[in-house]
Amino acid sequence: MAILLPEKTRSTAGALTPRQIVAELDKYVIGQGAAKRAVAIALRNRMRRQKLSPELAEEIAPKNILMIGPTGVGKTEIARRLARLAQSPFLKVEASKFTEVGYVGRDVESMVRDVVELGVDMVRGERLEEVRAKAGQNAEDRLLDILLPPAHPVAPDEDPGAARESQQQTRERFREQLRAGRLDARTVEIDVREKQFPSFEIIAGSSVEEVDINLKDMLPGLFQGKTKRRKMKVPEALEHLKAEEEQKLIDMDSVARAAVERVEQAGIIFIDEIDKIAGREGSHGPDISREGVQRDILPIVEGTTVNTKYGIVRTDHILFIAAGAFHVSKPSDLIPELQGRFPIRVELEPLGRDEFVRILTEPKSALVKQYMALMETEGITLTFTDDAIRCIADFATMVNDQTENIGARRLATMLEKLLDEISFEGPDLEDKTVTIDEAYVTKMLADIVKNEDLSRYIL
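Thresholds applied
Residues numbered from 1 in each chain as written. Predicted model: local features only at pLDDT ≥ 70, side-chain atom pairs only at ≥ 80, totals over all residues. Heavy atoms only, no water. Phe/Tyr/Trp six-rings, centres within 6.5 Å; stacked < 30°, edge-to-face > 60°. Lys NZ or Arg CZ within 6 Å of the ring centre and 35° of its normal. 1 Å grid on protein atoms, 1.4 Å probe; cavity = no way out; pocket = protein on both sides within 12 Å on 5 of 7 lines; lining within 4 Å. Points joined across faces, edges and corners; volume = space filled by probe spheres on them. Helix = DSSP H or I, 4+ residues; strand = E, 2+ residues; numbered from the N terminus. Nonpolar A, V, L, I, M, F, W, Y, C, P; charged D, E, K, R; others polar. Axes fitted to C-alpha atoms, helices over the stretch in contact; angles between N-to-C directions. Left-handed = near helix turned anticlockwise from the far one by under 90°. Contact = heavy atoms within 4.5 Å. Parallel < 35°, antiparallel > 145°, perpendicular 65-115°, else oblique.

**Quick notes on the packing of aromatic side chains**
Stage number 1. Enumeration according to the criterion identifies zero aromatic pairs in this entry.
Stage number 2. The cationic tip of Arg81 hangs over the ring face of Tyr28; the distance from NZ or CZ to the ring centre is 3.9 Å.

Set out below in C-alpha cells:
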C-alpha cells in the first residue's frame, strides 16, 4: 500500500513530468533553467514517493534546495508558482526576522504553525466549495420560514393534503421571487450570533505560542452561544444565513486533520535571505545570534515535531527551499549541519536587456499586459511599440548597472514613472487611444537615467 498525497495535490500535479512542470513555470518566470529543473525534479520525486511502500517512503526525505542569486531574478517567484502548481500549502518566511535585536524575534517554529494555518484555510476553502450548494438551499429555506406567515391550522372540513400542497406552492412562488431579486427591498429580522471571545497569547519561556481559548467550551453552562436580533435587507440576510449554514456543514476536526496531513506530505516552506544569518565562525557581536538562528532552524529542516493548535506536525517530508544573494557571505559560511540539509544548490543568473524584453511581454501576467488592462478600465486603449519595449529594457539595464542591481524589480519602477502622466490624466483624456513609442519613453525616462543622484531616489 503506497502513501498517497491529498486528492487535490495528486490530481493537479501528479501527471506532470519534470519537462511539463518546467514548461508551466516558463509561463511566469523567464530564464533560470537550472533552478526550474531542480524544483521540477523535487516535485516529481514527491509524486514518485507516493507509489512506494510505506516503509520505504518514510525513509525518503525531500532533497531541499538552496537558490543562490541576486535579488529580483525570480527565486521567490519560482517557488511560489511551484506551490500553486502543486496545490501545496506554501509559506515564505524571511530568515532575518529571527535575528531581531537581541534575538527576540519570533520563535522559528512559528514558520510551521503559519504554514499549518495556510493549510487549514486551503482545505476549508475546498470544503466550502463542496457544501456551497447545500448551504445555499438551507439558507433559502430558513429565510422563507421568516418571510412566510406561519401555516394556519387545517379546518375540519378541509383536505389536509390539499392544504399542504397549497402551502408548498406558495413557498415555491416565494422562492422564485427570492431568486429573481424581487424581494430584495424587504427587511427581515434574524438572530445573529455575537462575536466569539478573542484568542489569548500565552507566553511560554522565550517563545510566544498563539492558543485559542474558547471560554464557551470551558464554561458551557455560562456561555450558550448568545444571539441578538438584527434587521437587515433580504440579500444581506441570505448571505449571513449562507455563512452560518456553511460553518454547520463543515467538520472542522476533519479539516484540521486533512490540513496537517497535507502540510506534512506536501508543504513547501521558502526561507528567504538565508545569507543574512550566515556568520563566520569566531565572529563577535550579532554573528553569534545568527549562528543561534541557524541552530534553531536546523532541527526544523532535519525533521522534528512541532506542536500546533491543530495537533502535532512532523516536518520530515516538508520541502524547504532556501534562497539568498550571498553578496557578502558564502554558502560555506552556514554551519556544516545546515549546509548538509540543502544538498541541491542552483545558481540563478543575473538578468540583462534580452531577459527584460521577454519579461515585459512574454509571461501570462507580464507588466505591460497589466498596465494595458488597468488603463482599459478607463476606456483607454494603451499599446507599446517593439522599439518602446526595447528602450525600457535598455534604460532598466543602464540604471541597474549604474546604481543598485535589483533585477526585474527595476522594470516596475520604470513603468510606473513612464506611465505616471497617463495614469493621472487617464479619466480626463479626450483621446482614448495612446501609443507608447521610443520617443515617449526617452522623453519620460532619459533625464532621470542621466542624473545618477536623482535615479538613486526615484528608481
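**Concerning the layout of surface pockets**
Stage number 1. Counted as a void, the largest pocket has a volume near 750 Å³.
Stage number 2. Looking at the largest pocket, it is lined by 30 residues, and the ones nearest its centre are Gly72, Gly74, Glu77, Ala408 and Arg409.
Stage number 3. For the lining of the largest pocket, the elements supplying multiple residues, two or more each, are helix H5 (75-86), strand S10 (319-324), helix H14 (367-376) and helix H16 (409-418).
Stage number 4. Counting residues per element, the lining of the largest pocket draws most heavily on H5, at five residues.
Stage number 5. Each residue belonging to the lining of the largest pocket can be placed in one class, and the counts come to 13 nonpolar, seven polar and 10 charged.

**With respect to the packing of H14 against H16**
Stage number 1. Between H14 and H16, the least distance of the axes is 11 Å, while the angle of their chain directions is 30 degrees. In the packing of H14 onto H16, the handedness of the crossing is right-handed. Where H14 abuts H16, its residues Leu367, Val368 and Tyr371 lie against Leu411, Ala412, Leu415 and Glu416.
Stage number 2. When its residues are assigned to classes, the contact of H14 with H16 shows six nonpolar, no polar and one charged.

**Concerning the packing of helix H2 (residues 18-26) against H5**
Stage number 1. Where H2 contacts H5, the two axes come as close as 10 Å, and the packing angle between them is 120 degrees. Judged on the interaxial angle alone, H5 and H2 are oblique. Along this stretch, H2 crosses H5, giving a crossing that reads as right-handed. Contacts between H2 and H5 pair Ile21, Glu24 and Leu25 from the former with Ile78, Arg81, Leu82 and Leu85 from the latter.
Stage number 2. A per-class count over the contact of H2 with H5 returns five nonpolar, no polar and two charged.

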